[in-house]
Amino acid sequence: MNQKYMVPLAGVLLLFLLAYAGVEGAGMQWFFGIIVPYVAVIAFVGGFVRRVMGWAASAVPFRIPTTCGQQKSLPWIKQNCIDNPDKASGVFMRMVLEIFLFRSLFRNTKAAFNRNEKNKLTYSWEIFLWVGALAFHYSFLVVIIRHLRFFLEPVPSCLKFLEFFDGIVQLGLPGLFISGAVLLLAALFLLARRIFDAKVSYISLAADYFPLFLIIGIAASGIAMRYFTKVDIIGIKSFTMGLVTFHPVIPDGVGGLFYAHIFMVSALFAYFPVSKLMHMGGIFLSPTRNMANNNRAKRHVNPWNYAVDIHTYEQYEDHFREKMIDAGLPVDKKE
Ligand code: HEM
């Protein structure tokens, strides 16, 4: 057993039990349902803005775009405008493809010793991380958008449309939402990769496992509520509308599982700004992605440069000429 994932797993189980027992045993609905979610949203928004402002105010003295293709050169050499953009339009395309399709991850390779070729180190294309990451992020997005139905009254028709497509397989009652199942499976795949792939496990830290366990916990408790234990959706809607209109109410008959679900969501929100999950905001401010590679075409002067007093060789020789001549050292000018 590895401490790097046992500790975060125990942490998530503790969060779940804390809320479940707090509500079922001690009747602390107001704490887990009202105080904690408000504090978590404040921590999320405040922390997110603070991190982004910090990055925005950081000095970027050098032009350091990652170059993954032919740069702009002589007219008869074909430039790769997206992987080595020299204009803002190319940078925009590169960012769009990175943000919506995780384009750089698509090139992911894995290194392994090839037993058939005397243990030669070989690199091969590894597409599964890209597929898993896309499935995870898009299903997460769809689940969050669908959840907006709890916080909006009337529910906009575009949300009903999304629900219709997400439930199109019409399996079971209540109908299966594809995104919820994909979210859980993709998060389990990403976790399994970190646990069972020795190379990835070696570089993984508790900070990598914790959000995965938390998201798995959130998805699993949500799925348990929808398909197995069932919850009073009308009561929950009055509760969520109370939160967004700042007139919080605690509905009767909503059990500990629901409060454990939103407690884990609150923990995720509060943890978000201090975690690696901030890559969501960081990608937009990443100088290796958001800069054009026109290093050679344009002279870039570091805006933080200050005037430096310099001492040229000429001045140096003027200063020491006589001593240099006496010592037999060569000089440019005799006098
Ligand atoms: C990070 C945010 C959240 C994630 C990832 C998440 C995930 C899920 C998932 C996967 C399900 C299973 C059913 C489905 O696919 O929709 C679910 C159900 C549910 N979630 Fe969440 N959830 C989140 C936030 C919330 C919040 C803030 C609430 C507060 C009201 C909430 C309340 C519920 C309820 C009531 C159900 C049961 C729905 C039903 O019976 O139809 N969730 N959640």
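Residues numbered from 1 in each chain as written. Predicted model: local features only at pLDDT ≥ 70, side-chain atom pairs only at ≥ 80, totals over all residues. Heavy atoms only, no water.

Participant: How should the domain arrangement of the chain be read in this particular structure?
Facilitator: Note: interface size is frequently given as the accessible area lost on complex formation between the parts. The domain architecture assigned to the chain consists of domain 1 (3–299) and domain 2 (305–335). Summarising the inter-unit geometry, the C-alpha centres of domain 1 and domain 2 are found 62 Å apart. (Domains from an automatic or database assignment.)

Participant: I tried to follow the coordination of the iron atom of the ligand on my own but got confused; where do I start?
Facilitator: Octahedral metals with six donors have ideal donor angles of 90 or 180 degrees. Tetrahedral metals with four donors have an ideal donor angle of 109.5 degrees. Only His 147 (NE2) and His 261 (NE2) from the protein coordinate the iron atom of the ligand, and they sit 2.1 Å from it. In this structure, the iron atom of the ligand is surrounded by 6 donor atoms whose angles at the metal cover 86 to 177°, and the resulting shape is octahedral. Here His 147 is found in helix H5 (residues 128–147), whereas its partner His 261 is found in helix H11 (residues 256–271), with 114 residues between them in sequence. Residue classification places His 261 among the buried positions, given a relative accessible area of 9%. (Donors = N, O, S within 2.8 Å, 3.2 Å for Na, K, Ca; no water. Tetrahedral: all angles 85-135°; square planar, octahedral: opposite > 155°, others 65-115°. Helix = DSSP H or I, 4+ residues; strand = E, 2+ residues; numbered from the N terminus. Buried < 20%, exposed > 50% of the residue type's maximum accessible area, 1.4 Å probe, protein only.)

Participant: Could you clarify how one ought to interpret the UniProt feature "transmembrane region" (unreviewed entry) in the chain in this entry?
Facilitator: In the numbering used here, UniProt assigns the feature "transmembrane region" (unreviewed entry) to residues 31–49, 127–148, 168–191, 203–229 and 249–272. Regarding residues 168–191, the helix share stands at 58% and the strand share at 0%, and the terminal C-alpha atoms are separated by 28 Å. Between the end C-alpha atoms of residues 249–272 the distance is 27 Å, and the span holds 67% helix and 0% strand. (UniProt positions renumbered as here; feature names shortened; annotations may be inferred.)

Participant: Would you explain the nonpolar core in this entry?
Facilitator: In summary, soluble globular proteins display a tendency toward joint burial of nonpolar side chains. Counting residues in each nonpolar core, the largest one holds 50 residues, and the members touching the most others are Phe 136, Leu 191, Leu 214, Phe 258 and Tyr 259. Every element with two or more residues in this core is listed here: helix H1 (3–24), helix H2 (29–56), H5, helix H7 (178–196), helix H9 (206–229), helix H10 (233–244) and H11. Residue contributions to this core peak at 12 residues, all from H9. Aside from chain neighbours lying at most four places away, what touches Tyr 259 is Ala 19, Val 23, Gln 29, Phe 32, Gly 33, Ile 250, Pro 251 and Val 254. (Core = buried A, V, L, I, M, F, W, Y, C linked by side-chain atoms within 4.5 Å. Contact = heavy atoms within 4.5 Å.)

Participant: Would you mind showing me how to read the packing of H5 against H7 here?
Facilitator: Pairs of packed helices are described in terms of their axes, by the angle between the two and the distance that separates them. Here H5 crosses H7 at 140°, and the two axes come no closer than 8 Å. Considered as vectors, H5 and H7 are oriented oblique to each other. Note that H5 runs across H7; the crossing there is left-handed. Residue-level inspection shows Phe 128, Leu 129, Gly 132, Ala 133, Ala 135, Phe 136, Ser 139, Phe 140, Val 142, Val 143 and Arg 146 of H5 in contact with H7, the latter providing Ser 179, Gly 180, Val 182, Leu 183, Ala 186, Ala 187, Phe 189, Leu 190 and Arg 193. (Axes fitted to C-alpha atoms, helices over the stretch in contact; angles between N-to-C directions. Parallel < 35°, antiparallel > 145°, perpendicular 65-115°, else oblique. Left-handed = near helix turned anticlockwise from the far one by under 90°.)

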